[in-house]
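Below are the chains, spelled out letter by letter.
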Amino acid sequence: MTTIGFIGAGKIGGTLARLAVEHGYDVVVSNSRGPETLTDLVHELGDRARAGTSQEAAAGGDLVVVTVPMGAIPSVPVAELAGKLVIDTNNYYPQRDGQIAALDAGETTVSQLLQDHLPESSVVKAFNHIMYLNLGSKGVPAGTPGRYALAVAGDDPDARKAVASFIDEIGFDVVDAGPLAEGYRFEKDHPAYGLETDVAGLTAALAEA
Ligand SMILES: NC(=O)c1ccc[n+]([C@@H]2O[C@H](COP(=O)([O-])OP(=O)(O)OC[C@H]3O[C@@H](n4cnc5c(N)ncnc54)[C@H](OP(=O)(O)O)[C@@H]3O)[C@@H](O)[C@H]2O)c1
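On a predicted model such as this, the values are computed, not experimentally measured, just so you know.

Peer 1: Even after reading the chapter, I still don't get helix 1 (residues 11–22), so can you show me in this structure?
Peer 2: Each α-helix turn comprises 3.6 residues. Residues three or four places apart therefore point the same way. The first and last C-alpha atoms of helix 1 sit 17 Å apart over 12 residues, in line with the 16 Å expected at 1.5 Å per residue. When you tally the buried positions in helix 1, you get nine out of 12 residues, the bulk of the element. Tucked into the core, helix 1 has its buried residues touching strand 1 (3–7), strand 2 (26–30), helix 2 (39–45), strand 4 (63–66), helix 7 (132–137) and helix 8 (157–169). Among the residues trailing helix 1, glycine 24 stands out with phi positive, at a value near 90°.

Okay, here's the thing in structure tokens:
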């Protein structure tokens, strides 16, 4: 993987794009208002970055991060993401996203909804349970005692491994939470959400959910 596409370039998308560039990746960033509104971010990110439409970010990324309010999920490009690894950072806030009956009833999880929208892609839930300021500042090299740990969930074990490897590269340990149906364990209103802890602490918090 050499290029990461971003659908959404706000607090989490912008922070992850900075980390990706710092670690040698090229990035294509996109938002809802068009590439011309991302000039400042691209300038800050430097030569490894360019802006595009959502379709261009989806088509241009070997790995694509979807990091938008949940209400925007229906507009996430489908064909351009077919066959790709997609990271889902999204959370469900009814006051922002409107009520989603299947989530309210506990019938599905946030990232299963994105997977349903992208049936030909391999969706991995990650980065949803860390505040963007911590994401930007808490990364440290592998082996550092007490290293901050992040969870991943996804239906394809190889996809989970690939995302875990990326997370490790940018500064965090990883706990594999299993398939997307287990992703609720680090959604909002569960112990792991926002928890600043290491592998042992995160493993315990996931089990407690
Ligand atoms: N903030 C955090 O600390 C944090 C932590 C973990 C997870 N999350 C979750 O991650 C997601 C993103 O959060 P955020 O804080 O980064 O949000 P944000 O700062 O509001 O940024 C959202 C981004 O999504 C873009 N966007 C909106 N609709 C779009 C569409 N239809 N197509 C393409 N791009 C679109 C926005 O573009 P425009 O500005 O042009 O509309 C903006 O770049 C949310 O689901 C949030 O709950 C947030």
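Peer 1: I tried to follow the nonpolar core on my own but got confused; where do I start?
Peer 2: Grouped burial of nonpolar side chains is what soluble globular proteins tend to show. Grouped together as the largest cluster of nonpolar side chains are 35 residues, with contacts concentrated most on Leu16, Val29 and Phe127. Of all the secondary-structure elements, those providing two or more residues to this core are strand 1, helix 1, strand 2, helix 2, strand 4, strand 5 (85–88), strand 7 (149–154) and helix 8. At six residues, helix 1 tops the list of elements feeding residues into this core. Grouped together as the second largest cluster of nonpolar side chains are 15 residues, Ala58, Val68, Leu114 and Leu118 included.

Peer 1: Is there a simple way to think about the sheet that holds strand 3 (residues 49–51) in this case?
Peer 2: In sheet architecture, strand pairing relies on hydrogen bonds along the backbone and comes in two forms, parallel and antiparallel. The eight strands lie next to each other as 3-2-1-4-5-6-7-8, forming an open sheet whose pairing is mixed. The open sheet is flanked by strand 3 and strand 8 (173–176), the only strands paired with a single partner. Strand after strand, the sheet turns through a mean of 25° between neighbouring axes, direction not considered. Here helix 6 (residues 110–117) sits on the sheet in contact with strand 4, strand 5 and strand 6 (122–125), set at roughly 165° to strand 6.

Peer 1: Is there a simple way to think about the packing of aromatic side chains in this case?
Peer 2: We describe a pair of aromatic rings using the distance from one ring centre to the other and the angle between the two ring planes. Tallying each qualifying case throughout the model produces three aromatic pairs. Here the aromatic rings of tyrosine 25 and phenylalanine 166 are separated by 5.4 Å at their centres, their planes lie at 85°, and the arrangement is edge-to-face. Of the two residues, tyrosine 25 is situated in the loop between helix 1 and strand 2 and phenylalanine 166 in helix 8; the sequence distance between them amounts to 141 residues. Geometrically, the ring pair formed by phenylalanine 127 and phenylalanine 166 is edge-to-face, given 6.4 Å between the ring centres and 80° between the ring planes. Of the two residues, phenylalanine 127 is situated in the loop between strand 6 and helix 7 and phenylalanine 166 in helix 8; the sequence distance between them amounts to 39 residues. Taken as a pair, phenylalanine 127 and phenylalanine 166 share a single burial class, namely buried. Taken together, the aromatic side chains of Tyr25, Phe127 and Phe166 make up a single cluster linked through ring pairs. Just above the ring of tyrosine 93 sits the side chain of lysine 188; from NZ or CZ to the centre is 5.0 Å.

Scoring rules and cut-offs
Residues numbered from 1 in each chain as written. Predicted model: local features only at pLDDT ≥ 70, side-chain atom pairs only at ≥ 80, totals over all residues. Heavy atoms only, no water. Helix = DSSP H or I, 4+ residues; strand = E, 2+ residues; numbered from the N terminus. Expected span 1.5 Å × (residues − 1). Buried < 20%, exposed > 50% of the residue type's maximum accessible area, 1.4 Å probe, protein only. Contact = heavy atoms within 4.5 Å. Core = buried A, V, L, I, M, F, W, Y, C linked by side-chain atoms within 4.5 Å. Pairing = 2+ DSSP bridges. Axes fitted to C-alpha atoms, helices over the stretch in contact; angles between N-to-C directions. Phe/Tyr/Trp six-rings, centres within 6.5 Å; stacked < 30°, edge-to-face > 60°. Lys NZ or Arg CZ within 6 Å of the ring centre and 35° of its normal.

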